[in-house]
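Listed below are the residues making up each chain.
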Amino acid sequence: MAIPRNNNKMHSPISKLKLLSIFFVFLFVGSCTKDDPSDPNDTNNINVFNNRQGTGSSANDILSDDTFKSMVIELVYVEGYEPTQTAINNFVSFLTNRIYKPSGITVLKRAIAKLGQETYSIEDIAEIEREEREIYNTNSKIAIWAYFTDGKSDKDTAENVVLGTAYWNTSFVIYEETIRDLSNSSLEPSRSLLESTVINHEFGHILGLTNLGTPMQTEHEDTEHEHHCNVESCLMYWATESKVSLGNMNTVPQLDAQCLADLQANGGK
Ligand SMILES: [Zn+2]
Ligand SMILES: [Zn+2]
C-alpha cells in the first residue's frame, strides 16, 4: 500500500491537508519470487518453504479450517517501532470475522534490534525474515510473519510512499516509520487508524484479494490496478479519494460485498 506525497515536501499544514484530503493510495503486492528449495542456506528446515510461496496462494488454507485449525501471528518490530495495541486488536478482529480457526488466533510479539538502514528493498525485507523468523506452519497451525520496520521502502518516490507490502503467502511488512511520519498530527489520521488500514489491506492480499488466489465470484478487479477491487469504498481499492481530511476519518475501510463473497466462496466467513 502506498500514499502519494506532495512534491514540495509538505512544509506547510496546508499542503499536508491537501495531500491527505486528495488521495489515499494502495500499492500492489509483493515482488518476491518463491524461494528455491535447493537454497543452501535453508537446508536444515524443509518446512520453511511452505511459508515462502506466492502471495495469495495460501488463501484457502488461511480462510478455512480444512487443514489448519489455528493461527499464530509472529509479530516482530524494530525497537522503537512497535505498532499500537489498538491496531493489533483491530487486526485480530478483522481475522476473527473472516477466517475459520476454531482453535484460536495467537499473537506473539517481540522486538529486534535496529538495523538502521534508511531504505529497504523487498529483498532486504525478505532477508530479514529469513534471519529472524522462528515460527513456520505445523500440521494444524498456520504461521504468519508480520514485520514492522524502521526506514523507508526503496520504492518510495516523489509521488508515492509505500506503507506496506505483502510479499509471500504468509508474510507482510509494514513501514512503521513512514506511518508515523504521516499520522497523529492535527490534520492527519490517528496512527492506529492508519496502521489498521494498511495491515488489513495487506492481509487482504494474503487472503487472495483481488483475483490473487481467491477466485472472483463477480468481475470486480480494477483493470488499471491489478489485484485491487474496483469499488472505491472497499478496503481493497487501490486509492480512496476523500473530500474531507483523513484527520476526520475515524473508521478503517471495510471489504465490500464482492470481496466478501469471494472470501466466502473460498472457505471464509
Ligand atoms: Zn494493495
Ligand atoms: Zn472489494
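The structure we're discussing is the one just above.
Given the structure is predicted, the values throughout are model-derived calculations rather than measurements.

### Section: the environment of Ala59
Tracing the sequence through the fold places Ala59 in helix 2 (residues 59-63). Separated by 111 residues in the primary sequence, Ala59 and Thr170 have C-alpha atoms spaced 9.2 Å apart. What Ala59 contacts, discounting residues up to four positions off in sequence, is Ile206, Leu207, Gly208, Thr214 and Asn266.

### Some thoughts on the packing of aromatic side chains
What the rule picks out here adds up to 6 aromatic pairs. Both rings, one in Trp145 and one in Tyr147, keep their centres 5.9 Å apart while their planes meet at 15°; by these two values the pair is stacked. Residue classification places Trp145 among the buried positions, given a relative accessible area of 0%. With relative accessibility at 0%, the residue Tyr147 sits in the buried group. Between Phe172 and Phe203 the ring centres are 6.2 Å apart and the planes differ by 80°, which places this aromatic pair in the edge-to-face class. In this pair, Phe172 sits in strand 9 (residues 171-174) while Phe203 sits in helix 6 (residues 191-206), placing the two residues 31 residues apart along the sequence. Taken together, the aromatic side chains of Phe91, Phe172 and Phe203 make up a single cluster linked through ring pairs. Its guanidinium or amino end placed over the ring of Tyr100, Lys269 lies 5.4 Å from that ring's centre, counting from NZ or CZ.

### A few points about the coordination of the zinc ion (ligand 2)
Six octahedral donors around a metal ideally subtend angles of 90 or 180 degrees, whereas four tetrahedral donors ideally subtend 109.5 degrees. Distances from the zinc ion (ligand 2) to its protein donors, Cys229 (SG), Cys234 (SG), Asp256 (OD) and Cys259 (SG), fall at 2.0 to 2.3 Å. Every donor counted, the 4 donor atoms about the zinc ion (ligand 2) form angles of 99 to 118° at the centre, which fits tetrahedral coordination. Spacing between the donor residues of the zinc ion (ligand 2) along the chain follows C-x4-C-x21-D-x2-C. Placement of Cys229 in the loop between helix 6 and helix 7 (257-265) and of Cys259 in helix 7 is noted, with a sequence separation of 30 residues between them. Here the two residues Cys229 and Cys259 agree in accessibility, since each one is buried.

### Side note on the pattern of salt bridges
Enumeration according to the criterion identifies 8 salt bridges in this entry. Here Glu74 ties to Arg110 by a salt bridge, and the two come within 2.8 Å at their closest N and O atoms. In this pair, Glu74 sits in strand 2 (residues 70-78) while Arg110 sits in strand 3 (residues 105-112), placing the two residues 36 residues apart along the sequence. Asp154 is paired through a salt bridge with Lys155; the nearest N and O atoms lie 3.8 Å apart.

### Topic: the side chain of Ser64
Looking at the element boundaries, Ser64 is found in the loop between helix 2 and strand 2. Judged by its relative accessible area of 4%, Ser64 falls in the buried class.

### As for the side chain of Asn137
Mapped onto the elements, Asn137 comes out in the loop between helix 4 (122-132) and strand 5 (141-148). There is a polar contact of 2.8 Å between the side chain of Asn137 and the side chain of Asn51. A polar atom in the side chain of Asn137 sits 2.9 Å from the backbone nitrogen of Ala143. Setting aside its immediate chain neighbours within four residues, Asn137 contacts Asn50, Asn51, Phe68, Ile142 and Ala143.

### Brief notes about the environment of Glu82
Mapped onto the fold, Glu82 is located in the loop between strand 2 and helix 3 (85-98). Residues Glu82 and Glu177, spaced 95 residues apart in sequence, show a C-alpha to C-alpha distance of 9.8 Å. If near-sequence neighbours (up to four positions away) are discounted, Glu82 is found in contact with Tyr77, Lys109, Glu176, Arg180 and Glu195. In this structure the side chain of Glu82 is engaged in a polar contact, spanning 3.4 Å, whose partner is the side chain of Tyr77.

### Comments concerning the sheet that holds strand 8 (residues 164-168)
Strand order in the open sheet formed by 5 strands is 3-2-5-9-8, with mixed pairing between adjacent strands. For this open sheet the edge positions go to strand 3 and strand 8, each flanked by a neighbour on one side alone. Along the sheet, successive strands turn relative to each other by an average axial angle of 20°, direction set aside. One ladder, built from 4 bridges, connects strand 5 with strand 9; its direction is parallel.

### Here we look at the pairing of strand 3
Summarising the sheet, strand 2 and strand 3 pair through 8 bridges and their orientation is parallel. From the neighbouring strand, Glu74 faces strand 3, where its bridge partner is Leu108. Taking the sense of rotation as the criterion, the β-α-β connection linking strand 2, helix 3 and strand 3 turns out right-handed.

Criteria and thresholds
Residues numbered from 1 in each chain as written. Chains lettered and ligands numbered in written order. Predicted model: local features only at pLDDT ≥ 70, side-chain atom pairs only at ≥ 80, totals over all residues. Heavy atoms only, no water. Helix = DSSP H or I, 4+ residues; strand = E, 2+ residues; numbered from the N terminus. Contact = heavy atoms within 4.5 Å. Phe/Tyr/Trp six-rings, centres within 6.5 Å; stacked < 30°, edge-to-face > 60°. Buried < 20%, exposed > 50% of the residue type's maximum accessible area, 1.4 Å probe, protein only. Lys NZ or Arg CZ within 6 Å of the ring centre and 35° of its normal. Donors = N, O, S within 2.8 Å, 3.2 Å for Na, K, Ca; no water. Tetrahedral: all angles 85-135°; square planar, octahedral: opposite > 155°, others 65-115°. Salt bridge = Lys/Arg side-chain N within 4 Å of Asp/Glu carboxyl O. Polar contact = N/O pair within 3.5 Å; in protein donor to acceptor, adjacent residues only side chain to side chain. Pairing = 2+ DSSP bridges. Axes fitted to C-alpha atoms, helices over the stretch in contact; angles between N-to-C directions. Right-handed = clockwise from strand over helix to strand, strands pointing away.

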